[in-house]
Amino acid sequence: MEYVAHLKKDTKLAAIINEPYHELKLHKNIPLHLMASIMSQQLNTKVADIIYNRFLDLYNKKEPTPKQVLDTPFEKLRTIGLSNAKVNYVQNVARFCIEHDITDKKLLAMPDEEILALLQQIKGVGQWTVEMLLMFTLGRQDIYAIDDLGLENAVVKLYKLRTTDKKKLRQRILKITAAWSPYRTYACLHLWKWKDNPPVV
């Protein structure tokens, strides 16, 4: 894996990069994965999986289109265990994808920054959510999620950083992680694995 040699130039990071090495994968139906990401927010992996499977049950185990989701009654989506806010956010995603003709082909042709700017227009979709989508659904290899607490804790521990001044800490982390480009996503995967706290996506 070519990313390994590059990331191991950082001697501290090299200490935690062990096999098995990671391979990023591209997943189809990106709008659906964005909805699933919203459903899983603030939940552990097991509960998130249960809710997503209940969601698919509403559509006979087939992946629904944004229009099918938007046409699903609000209360029916509530029955699978989603809060009022999450139902609204999921429907916001479906509506936005229809209105802006969001397709896999369109997103795959766009650079990371454009996708971040586009999808954060949706109420309920923040930077972290789009970054997880870029990493785990679109397979983009150069994303560092600066607002992910698990990653922050891992970098603080690995580089023995002071945490008293949050602004300086953020600048220090950005400087450290910039050197990992163009493979920052892979670095994140190893940091999460090292700290045993992968995000729920």
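Our subject is the structure listed above.
Residues numbered from 1 in each chain as written. Predicted model: local features only at pLDDT ≥ 70, side-chain atom pairs only at ≥ 80, totals over all residues. Heavy atoms only, no water.

**Here we look at the nonpolar core**
Inference 1: Core analysis: the biggest nonpolar cluster contains 64 residues, and Leu7, Leu13, Phe55, Leu119, Val155, Trp180 and Leu191 have the highest contact counts within it.
Inference 2: Leaving out residues up to four positions away in the same chain, Trp180 has contacts with His6, Leu7, Asp10, Leu13, Tyr144, Val155, Tyr159, Ala187 and Leu191. (Core = buried A, V, L, I, M, F, W, Y, C linked by side-chain atoms within 4.5 Å. Buried < 20%, exposed > 50% of the residue type's maximum accessible area, 1.4 Å probe, protein only. Contact = heavy atoms within 4.5 Å.)

**Topic: the packing of aromatic side chains**
What characterises a pair of aromatic rings is the spacing of the ring centres plus the angle enclosed by the ring planes.
Inference 1: For the coordinates displayed, the defined rule picks out 7 aromatic pairs.
Inference 2: A centroid spacing of 6.3 Å and a plane angle of 80 degrees characterise the contact between Tyr3 and Tyr21, whose relative ring orientation is edge-to-face. Placement of Tyr3 in helix 1 (residues 2-7) and of Tyr21 in the loop between helix 2 (11-14) and helix 3 (30-40) is noted, with a sequence separation of 18 residues between them.
Inference 3: What makes Tyr3 buried here is its relative accessible area of 1%.
Inference 4: The interplanar angle of 70 degrees and the centroid separation of 5.3 Å between the aromatic rings of Phe55 and Tyr59 together place this pair among those described as edge-to-face. Assigned by exposure class, Phe55 and Tyr59 land together as buried. (Phe/Tyr/Trp six-rings, centres within 6.5 Å; stacked < 30°, edge-to-face > 60°. Helix = DSSP H or I, 4+ residues; strand = E, 2+ residues; numbered from the N terminus.)

**A word on helix 12 (residues 166-178)**
Inference 1: With 13 residues, helix 12 should cover 18 Å at 1.5 Å per step; its first-to-last C-alpha distance of 18 Å lies within 8% of that length.
Inference 2: Where helix 12 is concerned, the buried positions are Leu169, Ile173, Ile176 and Thr177. Buried residues of helix 12, viewed axially, fall in a sector of 90 degrees; they line one side. Facing away from the buried side of helix 12, by more than 90 degrees, are the exposed residues Lys167, Lys168 and Lys175.
Inference 3: Against the buried residues of helix 12 lie helix 11 (149-159) and helix 13 (184-195).
Inference 4: Between the side-chain oxygen of the N-cap and the backbone nitrogen of Lys167 there are 3.1 Å, and the N-cap of helix 12 in question is Asp165. (Expected span 1.5 Å × (residues − 1). Arc of directions from axis to C-beta. Polar contact = N/O pair within 3.5 Å; in protein donor to acceptor, adjacent residues only side chain to side chain.)

The values are spatial; any link to function lies outside them.
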